[in-house]
Amino acid sequence: MKSQFRFLFVFLVLLGAVTSALAQVYKGVKVAFVPVFNQSGEKWVELQARQVEAGNKWLVEEFTKRGFTVAPAEEVAKAINELKIDFGDEEQRTRENLYKLGQKTGATLVAFPVIVASKQGKTGGFLPKAQGEVTLKLWLMDAVKKEPIIYAVTVKGKASGSSFLTGIEKGSDLQVKAVGNTLKDQFKKFFADYPLIGG
């Protein structure tokens with residue numbers, strides 16, 4: 001029994017060392033985010049803004065927690081302006097323009113989510129839950145290797161409330177939450193190789 005505990009202890013120590021080493025390898029890799037663009041057609045301007053804020057916040061927090069260096073928003077905005085790229089124009093959302101942005105900001109990675117649709121409703125069943133849903137289009141590019149990691153992939157995601165809070169939870173709040181949920185699902189595979197620092 002003691003030998004089994006000793007083996008488990010050694011294994012956990014080695015696992016922690018490997019995780020720490022990987023974190024150091026990835027630490028400092030620079031990533032630039034094109035600000036989340038909301039083209040959902042949602043008429044409530046405040047909701048649009050909250051969804052954009054939630055998406056931008058999620059990206060910054062999740063990449064930072066894994067040791068990436070995030071390019072300041074001001075730096076990215078300046079680079080986009082100097083390159084004269086309008087990412088609000090679908091025809092300009094090309095891999096070449098994303099590579100150019102990475103090169104201009106010195107970023108290895110460039111990420112860009114677009115909210116293309118958003119709605120709210122309720123689940124079925126005896127105790128229906130409030131639900132928010134979004135559809136995102138995502139890009140994640142390696143600007144150094146000039147390779148797409150995620151390229152113009154359209155995905156749907158949801159956020160459901162609690163049956164006990166039906167009528168209290170706002171569908172709009174769940175539409176905001178759905179943005180982070182969808183990003184989490186889509187970046188899960190990519191982040192598998194990038195452990196949380198200290199996690």
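Residues numbered from 1 in each chain as written. Predicted model: local features only at pLDDT ≥ 70, side-chain atom pairs only at ≥ 80, totals over all residues. Heavy atoms only, no water.

Novice: Mind laying out the packing of helix α2 (residues 45–64) against helix α5 (residues 171–191), listing which residues take part and the relevant values?
Specialist: Relative orientation of the contacting elements α2 and α5 amounts to 30 degrees, with a least axis distance of 9 Å. By the angle between their axes, α2 is roughly parallel relative to α5. For the crossing formed where α2 meets α5, the hand is right-handed. Of the residues in α5, those in contact with Leu47, Arg50, Gln51, Ala54, Gly55, Trp58, Leu59, Glu62 and Phe63 of α2 are Ser172, Asp173, Gln175, Val176, Val179, Gly180, Leu183, Lys184, Phe187, Phe190 and Phe191. For the contact of α2 with α5, the per-class residue count stands at 11 nonpolar, 5 polar and 4 charged. (Axes fitted to C-alpha atoms, helices over the stretch in contact; angles between N-to-C directions. Helix = DSSP H or I, 4+ residues; strand = E, 2+ residues; numbered from the N terminus. Parallel < 35°, antiparallel > 145°, perpendicular 65-115°, else oblique. Left-handed = near helix turned anticlockwise from the far one by under 90°. Contact = heavy atoms within 4.5 Å. Nonpolar A, V, L, I, M, F, W, Y, C, P; charged D, E, K, R; others polar.)

Novice: Break down the pattern of salt bridges for me, with residues and values.
Specialist: For the structure shown, the criterion picks out 5 salt bridges. The salt bridge involving Glu62 is made with Arg66; its shortest N-O contact spans 2.9 Å. For Arg66, a relative accessible area of 11% puts it in the buried group. By sharing partners, the salt bridges in this structure join Glu62, Lys65 and Arg66 into a single network. (Salt bridge = Lys/Arg side-chain N within 4 Å of Asp/Glu carboxyl O. Buried < 20%, exposed > 50% of the residue type's maximum accessible area, 1.4 Å probe, protein only.)

Novice: Can you break down helix α3 (residues 73–83) residue by residue, with the values?
Specialist: Residues of α3 that are buried include every one of Val76, Ala79 and Ile80, and no others. Within α3, the buried residues cover an arc of 100 degrees as seen down the axis, which keeps them to one side. Turned more than 90 degrees away from the buried face of α3 sit Glu74, Lys78 and Asn81, all of them exposed. One or two residues past the end of α3 sits Lys84, with phi positive at roughly 55 degrees. (Arc of directions from axis to C-beta.)

Novice: Explain the environment of Lys119 to me, using residue names and the numbers behind them.
Specialist: Mapped onto the elements, Lys119 comes out in strand β4 (residues 109–122). Spatially, the C-alpha atom of Lys119 lies 6.0 Å from that of Gly132, the residues being 13 residues apart in sequence. Apart from the residues within four sequence positions on either side, Lys119 is in contact with Gln131, Gly132, Glu133 and Gln175.

Novice: Describe in detail the environment of Ile85, supporting the description with residues and values.
Specialist: If you trace the backbone, Ile85 turns up in the loop between α3 and α4 (95–105). Not counting the four nearest positions on each side in its chain, Ile85 is found in contact with Ile80, Gln92 and Asn97.

Novice: Would you mind going over the nonpolar core in detail, with residue names and values included?
Specialist: Core analysis: the biggest nonpolar cluster contains 27 residues, and Phe63, Phe187 and Phe190 have the highest contact counts within it. When residues in this core are grouped by element, the largest group, 7 residues, is from α5. Excluding residues that lie within four positions of it along the chain, Phe187 makes contacts with Trp58, Leu59, Phe63 and Leu140. Residues Ala32, Ile85, Phe87 and Trp139 belong to the second largest nonpolar core, which totals 18 residues. (Core = buried A, V, L, I, M, F, W, Y, C linked by side-chain atoms within 4.5 Å.)

Novice: I'd love a proper account of α5, names of residues and values included.
Specialist: With 21 residues, α5 extends 29 Å from end C-alpha to end C-alpha; this agrees with the ideal 30 Å at 1.5 Å per step. By the largest-angle criterion, Asp185 marks the main kink of α5, which is about 30 degrees. (Expected span 1.5 Å × (residues − 1). Bend = angle between axes of the 7 residues up to and from the residue.)

Novice: Provide a residue-level description of the pairing of β4, including the pertinent values.
Specialist: Examined bridge by bridge, strand β1 (residues 30–33) and β4 share 3 bridges and lie parallel to one another. Looking at β4, one finds that Phe33 is bridged to Ala111. For strand β2 (residues 37–38) and β4, the ladder comprises 2 bridges, and the chain directions are parallel. Within β4, the position partnered with Asn38 by the bridge is Ile115. Note that β4 and strand β5 (residues 130–142) share 13 bridges and pair antiparallel. Bridging across to β5, Lys122 finds its partner in Ala130. (Pairing = 2+ DSSP bridges.)

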